[in-house]
Amino acid sequence: MKGNHGRDDTAGLSELLRSARPEGPLPDGFGASVWRRIEQSEEATASAPWWVRLAWMWVEPRRAFATLALVSLLGAATGLVQGWQWSERLARDRYVTVVSPLSPWP
Amino acid sequence: MNTRIAAWIVTCAVVLSVGLFFLTARWTARLSAERWSHPQEDLAWLRREFRLGQEEMSRIRRLHEGYLPVCREWCARIAAKKAELESELSRSGGFTPRAAELVRELAALRAECQVAMLRHFEEVSQAMPPDQGRRYFAEMLRLTLGTHEATERAMALESSGVHEHR
């Protein structure tokens with residue numbers, strides 16, 4: 001019983017889809033026109049100034065996130081180098097403050 | 001793409017990237033500096049900077065621990081004398097002979113404190129290998145007396161400049 005119901009539903013859905021499909025032929029040269037527009041868009045991008053191409057890159061989420069991740073990594077690496085220098089200065093200043101009651105000299 | 005929209009996208013991207021770079025760099029620098037500076041250890045810098053071994057460090061640690069109470073005592077005496085001077089100045093509303101005497105006493109205390117500090121630096125430098133000891137002593141002189149000497153030098157230059165004008 002259940003199997004028959006399922007088969008009936010599928011047949012009904014197929015019928016509905018067939019009836020919903022737009023009828024009538026596509027205009028003449030529709031496919032060619034679509035390809036032409038795609039080519040024009042690509043040509044326009046290729047001949048655009050560098051900053052427009054850069055903007056195109058940022059529109060794509062995958063590239064935008066990759067760039068941000070790279071920037072974060074570079075920032076962290078710079079921070080580590082700077083942190084090492086700061087830590088030396090912090091440790092030195094701590095020692096000088098402990099042993100010299102006169103620093104900074106009043 | 002419309003050039004105006006492209007310009008906006010590039011501007012936002014550059015601002016975002018630069019901001020993110022500096023934010024990450026600063027945050028990482030602060031975290032790593034705090035971690036690597038060993039806040040609990042006063043002598044961590046000495047050990048690293050002058051490449052000291054275990055034996056030298058234990059000698060220096062003993063000297064350091066012996067010097068700290070002396071240093072604290074000088075600090076307390078100088079602070080008490082300064083408080084006395086400030087009190088005298090505010091009480092009298094002018095520069096009295098007593099205030100002048102207190103200034104001299106304060107200067108004498110500072111001089112004695114400086115002598116004790118330099119003696120300690122010398123002892124510590126002698127506990128190090130000769131080259132490192134010399135470097136330590138020079139560095140400590142620069143760090144503790146350098147700023148004072150720079151001020152004096154600037155004053156001397158200024159006064160010589162005035163004489164030249166005359």
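Since this is a predicted model, take the numbers as computed values, not measurements.

Novice: So what exactly am I meant to see when it comes to the overall build of chain B here?
Specialist: Of regular secondary structure, chain B possesses 5 helices and 0 strands. N-terminal to C-terminal, the α/β element order of chain B is α-α-α-α-α. Summarising the internal contacts of chain B: among those between residues at least 6 apart in sequence, 52% fall at separations of at least 24. Surface exposure of chain B reaches about 10900 Å², of which carbon and sulfur atoms provide 58%.

Novice: Could you clarify how one ought to interpret the overall build of chain A in this entry?
Specialist: The helix and strand tally for chain A stands at 4 helices and 0 strands. Going from the N terminus to the C terminus, chain A shows its helices and strands as α-α-α-α. Burial status across chain A gives 19% buried among its 106 residues. A total accessible area of about 8100 Å² is found for chain A, and carbon and sulfur atoms account for 63% of it.

Novice: Help me understand the interface of chain B and chain A in this model?
Specialist: A common measure of how large an interface is: the accessible area buried when the components associate. Listed as interface residues are 52 residues of chain B and, on the opposing side, 35 residues of chain A. Each partner contributes to the roughly 3900 Å² buried at the junction of chain B and chain A, and carbon and sulfur atoms together form 77% of this total. Applying the counting rule to chain B against chain A returns 3 residue pairs in polar contact (both at pLDDT 80 or more). Elements with a contribution of two residues or more to the side of chain B that touches chain A: α1 (3-36), α2 (44-49), α3 (54-92), α4 (97-126) and α5 (130-165) of chain B. Ranked by residue count, the leading element in the side of chain B that touches chain A is α1 of chain B, at 19 residues. Considering only residue class, the side of chain B that touches chain A consists of 30 nonpolar, 12 polar and 10 charged.

Novice: I would appreciate a short explanation of the confidence of the model for chain B in the present structure.
Specialist: Detailed reading of predicted coordinates is not advised where the pLDDT is low. Residue and element names in this part refer to chain B. Here chain B averages 86 in pLDDT, while 87% of its residues score no lower than 70. The secondary structure element of chain B with the lowest average pLDDT is α5, at 72, and the one with the highest is α4, at 92. A low-confidence stretch, residues 162-166 stays under pLDDT 50, and its non-local contacts, those more than four residues away or across chains, total 0 contacts. In the predicted complex, the global pTM is 0.61; the interface-specific ipTM is 0.71.

Novice: Looking at this structure, how should I read the side chain of His 64 of chain B?
Specialist: Here His 64 of chain B is to be found in helix α3. Judged by its relative accessible area of 4%, His 64 of chain B falls in the buried class. Residue contacts for His 64 of chain B: discarding those within four places in its chain leaves Tyr 95, Val 98 and Val 99 of chain A together with Asp 42, Leu 43 and His 120 of chain B.

Novice: Please explain the state of the cysteines as it appears in this structure.
Specialist: Here a disulfide denotes one covalent bond, and it connects the sulfur atoms of two cysteines. All names here are of chain B. Applying the stated rule across the entire model yields 0 disulfides over all chains. The thiol of Cys 113 is unpaired, and the distance to the nearest cysteine sulfur, on Cys 71, comes to 6.2 Å. Assessed through its relative accessible area of 1%, Cys 113 is described here as buried.

Novice: How should the packing of helix α4 (residues 61-99) of chain A against α3 of chain B be read in this particular structure?
Specialist: Geometrically, a packed helix pair is captured by the angle between its two axes and the distance between the axes. Where α4 of chain A contacts α3 of chain B, the two axes come as close as 9 Å, and the packing angle between them is 55°. In terms of orientation, α4 of chain A and α3 of chain B fall into the oblique class. Between α4 of chain A, through Tyr 95, Val 98 and Val 99 of chain A, and α3 of chain B, the contact on the second element is made entirely by His 64, Tyr 67, Leu 68 and Cys 71 of chain B. Of the residues contributing to the contact of α4 of chain A with α3 of chain B, the split by class is 6 nonpolar, 1 polar and no charged.

Novice: Honestly, the side chain of Ser 32 of chain B in this entry has me stumped. Any pointers?
Specialist: Topologically, Ser 32 of chain B is positioned in helix α1. Non-local contacts of Ser 32 of chain B, meaning those with residues more than four positions away in its chain, are made with Gly 79, Leu 80 and Gly 83 of chain A.

Novice: Help me understand the pattern of salt bridges in this model?
Specialist: Pairing is possible between side chains of opposite charge, provided their charged atoms come close. Per the counting criterion, the structure on display carries 15 salt bridges over all chains. A salt bridge links Arg 48 of chain B to Glu 88 of chain A, with the shortest nitrogen-to-oxygen separation between them at 2.7 Å. Within this pair, whereas Arg 48 of chain B is found in helix α2, its partner Glu 88 of chain A is found in helix α4, the two belonging to separate chains. On the accessibility criterion, Arg 48 of chain B (22% relative accessible area) is partly exposed. Among the residues examined, Glu 88 of chain A registers a relative accessible area of 17% and is labelled buried. The salt bridge involving Glu 105 of chain B is made with Lys 81 of chain B; its shortest N-O contact spans 2.6 Å. A residue pair is termed long-range when its members are at least 10 positions apart, and Glu 105 of chain B in helix α4 and Lys 81 of chain B in helix α3 qualify at 24 residues.

Novice: Sorry, what's going on with the packing of helix α3 (residues 50-59) of chain A against α4 of chain A here?
Specialist: Residues and elements named next belong to chain A. At a closest axis distance of 5 Å, the pairing of α3 and α4 adopts a crossing angle of 95°. In terms of orientation, α3 and α4 fall into the roughly perpendicular class. Contacts between α3 and α4 involve Met 57, Trp 58 and Val 59 from the former and Pro 61, Arg 63, Ala 64, Thr 67 and Leu 68 from the latter. Class assignment of the residues belonging to the contact of α3 with α4 gives a composition of 6 nonpolar, 1 polar and 1 charged.

Each value, and the rule that gives it
Residues numbered from 1 in each chain as written. Chains lettered and ligands numbered in written order. Predicted model: local features only at pLDDT ≥ 70, side-chain atom pairs only at ≥ 80, totals over all residues. Heavy atoms only, no water. Helix = DSSP H or I, 4+ residues; strand = E, 2+ residues; numbered from the N terminus. Contact = heavy atoms within 4.5 Å. Areas by Shrake-Rupley, 256 points an atom, 1.4 Å probe, with all protein chains shown as cover. Buried < 20%, exposed > 50% of the residue type's maximum accessible area, 1.4 Å probe, protein only. Buried area = accessible area lost by both parts, 1.4 Å probe. Polar contact = N/O pair within 3.5 Å; in protein donor to acceptor, adjacent residues only side chain to side chain. Nonpolar A, V, L, I, M, F, W, Y, C, P; charged D, E, K, R; others polar. pLDDT = per-residue confidence, 0-100. Disulfide = S-S within 2.5 Å. Axes fitted to C-alpha atoms, helices over the stretch in contact; angles between N-to-C directions. Parallel < 35°, antiparallel > 145°, perpendicular 65-115°, else oblique. Salt bridge = Lys/Arg side-chain N within 4 Å of Asp/Glu carboxyl O.

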